[in-house]
Amino acid sequence: MKKLLSAVAMAAIAGSLYAASSDSLEISMTPVVTYSVAISTPANGLAYGNVNLNTTYISPTTATIINNGNVSADWKIKAAALNTWQLGATPGLDTVRVLAVLKSAIAASGEFDTSNDLLTTAEKNMDNVQFTVDQTGNNVPAAGVRLLTTRIDTPTDTSVDTEQKFRIDITAYPSSTF
């Protein structure tokens, strides 16, 4: 019996000496991701020239927007007044309504929605509802191109007779933003 127990013990020890052992390692990497847009306009930007009060104008040309990042992106848009006239939902004294849409050609006046396409100082999504006719700022592929048409509804009255300027900013975000 002692010999049998010794043999079993030796077999158990021998088995544990040859038991398989495993370990693991991790690999890690961080992708180099660039979110960026480039906006191309005529030399003077989208110049409307002389405008009458209480009148609607469509930009005579479009701005070309390119996703020049290296991944798909969602775009957001906002605007800022640079002079006396201010942005507003309704034209008034020194208040202009500025609208913008993405379309493959210059948009017609009736293709703008005064609520969904209204530019304000707050960033808004250029999604499937806002700022869209037949193009969208949602999930724009790298090197994707969109055309932006603007519409202005001029003030009903003004306290100035000098050129008024506005800046439109478009920013790229990860394509899962909206």
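Above this text you will find the structure in question.
Quick look at the structure, then. (Residues numbered from 1 in each chain as written. Predicted model: local features only at pLDDT ≥ 70, side-chain atom pairs only at ≥ 80, totals over all residues. Heavy atoms only, no water.)

Details of the pairing of strand 8 (residues 145–153)
(1) Moving on: In terms of burial, strand 8 is a largely internal element, 8 of the 9 residues being buried.
(2) Moving on: The sheet contact formed by strand 2 (residues 56–58) and strand 8 spans 3 bridges and is antiparallel. If you follow Tyr57 over to strand 8, its bridge partner there is Ile152.
(3) Moving on: Inspection of the sheet shows strand 6 (residues 95–102) paired to strand 8 by 6 bridges, in the antiparallel sense. For Ala100, the partnering residue across the bridge sits in strand 8 and is Thr150. (Buried < 20%, exposed > 50% of the residue type's maximum accessible area, 1.4 Å probe, protein only. Helix = DSSP H or I, 4+ residues; strand = E, 2+ residues; numbered from the N terminus. Pairing = 2+ DSSP bridges.)

Structural notes on the nonpolar core
Generally speaking, a soluble globular protein has its nonpolar side chains buried in company with each other.
(1) Moving on: Of all hydrophobic cores here, the largest spans 21 residues; its most connected members are Ile65, Trp75, Ile77, Leu119, Met126, Leu148 and Ile170.
(2) Moving on: Counting residues per element, the ones that place at least two in this core are strand 3 (63–67), strand 4 (73–81), strand 6, strand 8 and strand 9 (166–174).
(3) Moving on: Those residues in contact with Ile77 that sit more than four places away from it in its chain are Ala100, Leu119, Ala122, Glu123, Lys124, Met126, Phe131, Leu148, Ile168, Asp169 and Ile170.
(4) Moving on: Ranked by size, the runner-up nonpolar core spans 5 residues in total, among them Leu99, Val101, Phe112 and Leu118. (Core = buried A, V, L, I, M, F, W, Y, C linked by side-chain atoms within 4.5 Å. Contact = heavy atoms within 4.5 Å.)

Some points on the environment of Asn138
(1) Moving on: Mapped onto the elements, Asn138 comes out in the loop between strand 7 (124–125) and strand 8.
(2) Moving on: On a C-alpha basis, the gap between Asn138 and Asp127 in space is 5.1 Å, while along the polypeptide they are 11 residues apart.

Comments concerning the pattern of salt bridges
Note on pairing: side chains with opposite charge can pair once their charged atoms come close.
(1) Moving on: Counted according to the given criterion, the structure contains 5 salt bridges.
(2) Moving on: Its salt-bridge partner being Arg151, residue Asp153 comes within 2.8 Å of it at the nearest N-O pair. Comparing Asp153 with Arg151 shows no difference in burial state: the two are buried.
(3) Moving on: Residues Arg167 and Asp169 are paired through a salt bridge, measuring 3.2 Å at the closest nitrogen-oxygen approach.
(4) Moving on: Given the relative accessible area of 23%, Asp169 is considered partly exposed. (Salt bridge = Lys/Arg side-chain N within 4 Å of Asp/Glu carboxyl O.)

Considering the sheet that holds strand 9
(1) Moving on: The antiparallel open sheet is built from 3 strands, whose spatial order is 7-4-9. With partners counted over all chains shown, the strands left at the sheet margins are strand 7 and strand 9, one partner each.
(2) Moving on: Bridge analysis of strand 4 against strand 7 gives 2 bridges, and the strand direction is antiparallel. Each residue of the ladder has a partner; that of Ile77, found in strand 7, is Lys124.

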